[in-house]
Amino acid sequence: MGRYPDRHSVSIPALWAVQRLYGWCTPEGIRQAAAVMRVTPAYLESVASFYDLLHIEPVGSHKVAVCTNISCWMRGGDELLGAFRAAAEGAEDVFVTGFECLGACDIAPMASIDERYFGPLEPGEAGTAIDQLLAGEDVLPEKALAKRQLAGDLGWADGNGDRNA
Amino acid sequence: MPETRVLLAHAEDPALRTLAGYRGYGGYATLEKAYREMEASEILEELEDSGLRGRGGAGFSMGKKASFLPRGEMAKYLCCNADESEPGAFKDRELMQRNPHQLIEGIAIAAIAAGAGHAFIFIRGEYDAQADSLDAAVAEAYEAGYLGKDICGSRRDLELVVHRGAGAYICGEETALLDALEGKRGNPRLKPPFPAVQGLYGGPTLINNVETLSNVPRIVAHGAEWFRGYGTEQSPGTKVVSISGGVWRPGNYEVELGIPTRELIYDLAGGPLEGREIKAFYPGGSSAPVLTAAEGLDLPYSFEAMAEAGSMLGSGSIIVADDSVSIPLMALRTARFYHHESCGKCTPCREGTNWTVKMLERVVRGEATPMDLDIISSVQDNIMGNCLCVLGDSMAMPVSAMVKKFRPEFEAVMAAEAVAA
């Protein structure tokens, strides 16, 4: 709280901390954060309910958000979401959801898996990703955004282009 | 024309992310000079003369915006808007991930111009990896004395906090961003008062986009004339353009403003996929009215040319729709996004986005009549200009453009009762 001129500013960071600890924004966690911040739990709850990334109901500890917005939709985002949903069927620890634009249209269709970006993904890769996730392995290392080169650089174009022909 | 990499210079070098790597390319020299030798007014003047226009969407003069802040001893703030959530936009992600120190240096120099002692980077929560790299870079900058107390022995101070959002497009709207940063639900505020007068914690606040602030170090280093050497009279400088959708090489390309749009889409992004043709494109993110290929491909890619064509450059994000894309479905996808992201504060936006989605769903299910298209258009007209912020307008503009320009396709879909949503 000391980093902000006003302690109220810490509400989103505090809710992130609650979510890290409990997996979601539990009533107990919210009460604790509210006590530290000297605000009412209801205030923090109203903040939490506004934001898509803060969960006010229990969710799995692994989070998969598949983008279904315009650019990903054009390249098969809906099918990818369906594949992830099917692959995660029965795996209660995995929370799969469709999501609005994640800001990675260059690797469409893409997904954010435990807060790291991957793409472009084929529906067939969903099963592999979920298996790797549950086994605690690196997920689809070749498809990680972190590995991607700048668009103008060579070595990227073909893999993406061919598939969509 | 090839790319003109200024902001993305050396971006392929992973070392650029570190302070040592950034300094190796001359980084932070401008900050040192600015803190030691320059007055706020000099920096402000350079920024105003450069004609740098905001890269977040509105395209407002950055120097002018900074000059609106009152002088005086009150606490002032600078917020960097890194809540990049506009469908189609992913340039700030690239700039933060590949060159975080360029942004930090820009913020620190702009803070002198604004007289701000406290700065924030409001980054969308989804950009976790980018926020991590910013955190690391900010820590390095503090360590090196480029942030904190008595920067470079200048007796000037600046605190910089990386603040992660939690998933809400509306927080990219500048007053909603302020509310979110104050720990509230991200609802837009009534303007005026504008943030420059009464912003964060009630103090004068300068809010600029990541790319805008990333331009600051070089403008101050090389001068306004140098910057005006790129781009057009009304759109000086280079722009990082995000291109996605139906092209061979989606990605970020940095070009001089004013180059033909065709070169961006065809030469750089590789043009349409095998056997496809370009049907339409959003020239400036999903909020920009779509242009048909015939209307748009030969326009210069500049703020003024896009405005003249009835659209906008926006955040500089091109989404290409080829002839396999159903425009009614694209309109529905667009409307659903704004409906989901509407904060619900203003009735025209809350209800208008809701109705538009429902009507478009009826269109694609084949349950609508041609009169419904007129109703859709009139709903859009009633949203525009009637809300606190432009979120509703951002749906109304592209949707009404699609209905107007592709009306026969909408009618055909309704008649055919085809396309599954």
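Residues numbered from 1 in each chain as written. Chains lettered and ligands numbered in written order. Predicted model: local features only at pLDDT ≥ 70, side-chain atom pairs only at ≥ 80, totals over all residues.

A. Quick peek at the overall build of chain A. Across its full length, chain A holds seven helices and four strands. Along its sequence from the N terminus, chain A presents helices and strands in the succession α-α-α-β-α-α-β-β-β-α-α. Structurally, chain A occupies a C-alpha span of about 55 × 40 × 30 Å along its principal axes. The proportion of buried residues among the 165 residues of chain A is 44%. Across chain A, every contact between residues at least 6 apart in sequence was considered, and the portion connecting residues at least 24 apart equals 56%. (Helix = DSSP H or I, 4+ residues; strand = E, 2+ residues; numbered from the N terminus. Buried ≥ 20, exposed ≤ 12 C-beta atoms within 10 Å, placed from the backbone. Contact = placed C-beta atoms within 7 Å.)

B. Geometry of the domain arrangement of chain A. According to the domain assignment, chain A consists of domain 1 (7-50) and domain 2 (62-163). On a C-alpha basis, the centroid separation for the pair domain 1 of chain A and domain 2 of chain A is 30 Å. (Domains from an automatic or database assignment.)

C. Region of the structure containing the environment of Lys143 of chain A. Residue and element names in this part refer to chain A. Mapped onto the elements of the fold, Lys143 is located in the loop between helix 6 (125-135) and helix 7 (157-163). On the neighbour-count criterion, Lys143 (22 C-beta atoms within 10 Å) is buried. Separated by 141 residues in sequence, Lys143 and Gly2 place their C-alpha atoms 39 Å apart. With residues near it in sequence (within four places) discarded, Lys143 still touches Phe118, Gly119 and Leu121.

D. Just the domain arrangement of chain B, in detail. All names here are of chain B. The domain architecture assigned to chain B consists of domain 1 (14-228), domain 2 (242-322) and domain 3 (327-416). Contacts between domain 1 and domain 2 engage twelve residues on the former and 14 residues on the latter. In the side of domain 1 that touches domain 2, the residues fall into three nonpolar, four polar and five charged. (Nonpolar A, V, L, I, M, F, W, Y, C, P; charged D, E, K, R; others polar.)

E. Representation of unusual backbone geometry in the model. Here the residue pair Ala108 of chain A and Pro109 of chain A is connected by a cis peptide bond, since its omega of -5° sits within 30 degrees of zero. Residue placement: Pro109 of chain A occurs in the loop between strand 2 (94-99) and strand 3 (111-113). Here Lys191 of chain B and Pro192 of chain B are connected by a cis peptide whose omega angle stands at -10°. If you trace the backbone, Pro192 of chain B turns up in the loop between helix 8 (174-181) and strand 4 (205-209). Its identity is not glycine, yet Glu115 of chain A carries a phi of approximately 70°, on the positive side. As for its placement among the helices and strands, Glu115 of chain A is situated in the loop between strand 3 and strand 4 (116-118). Unlike most non-glycine residues, Asp150 of chain B shows phi in positive territory, near 50°. In this structure, Asp150 of chain B sits in the loop between helix 7 (128-143) and strand 3 (159-164). Take Asp150 of chain B: there are 11 C-beta atoms within 10 Å of it, and that puts it in the exposed class.

F. Spotlight on the packing of helix 6 (residues 100-114) of chain B against helix 7 of chain B. Residues and elements named next belong to chain B. Packing of helix 6 against helix 7 brings their axes to within 9 Å, and their N-to-C directions diverge by 55°. In terms of orientation, helix 6 and helix 7 fall into the oblique class. In this structure, helix 6 meets helix 7 at a crossing whose hand is right-handed. Packed against helix 6, whose contacting residues are Pro100, His101 and Ile104, the element helix 7 presents Ser133, Leu134, Ala137, Val138 and Ala141 at the interface. (Axes fitted to C-alpha atoms, helices over the stretch in contact; angles between N-to-C directions. Parallel < 35°, antiparallel > 145°, perpendicular 65-115°, else oblique. Left-handed = near helix turned anticlockwise from the far one by under 90°.)

G. Focus on the environment of Gly115 of chain B. All names here are of chain B. Locating Gly115 in the fold gives a position in the loop between helix 6 and strand 2 (118-123). Gly115 sits in the buried class, given 22 other C-beta atoms within 10 Å. Sequence separation between Gly115 and Leu360 is 245 residues, and the spatial gap between their C-alpha atoms is 48 Å. Discounting chain neighbours no more than four positions away, the residues touching Gly115 are Ala40, Leu69 and Lys76.

H. Summary view of the sheet that holds strand 9 (residues 317-322) of chain B. Pairing is mixed across the open sheet formed by five strands, whose spatial order is 6-5-9-7-8 (chain B). Each edge of the sheet is formed by a strand with only one pairing partner; in this case those strands are strand 6 (251-256) and strand 8 (291-292) of chain B. (Pairing = 2+ DSSP bridges.)

I. Local environment of the environment of Gly27 of chain B. Residues and elements named next belong to chain B. Mapped onto the fold, Gly27 is located in the loop between helix 1 (19-24) and helix 2 (29-37). Put simply, Gly27 and Arg218 are 191 residues apart on the chain and 9.7 Å apart in space, counted from C-alpha to C-alpha. Those residues in contact with Gly27, other than ones at most four positions away along the chain, are Tyr22, His101, Gln102 and Glu105.

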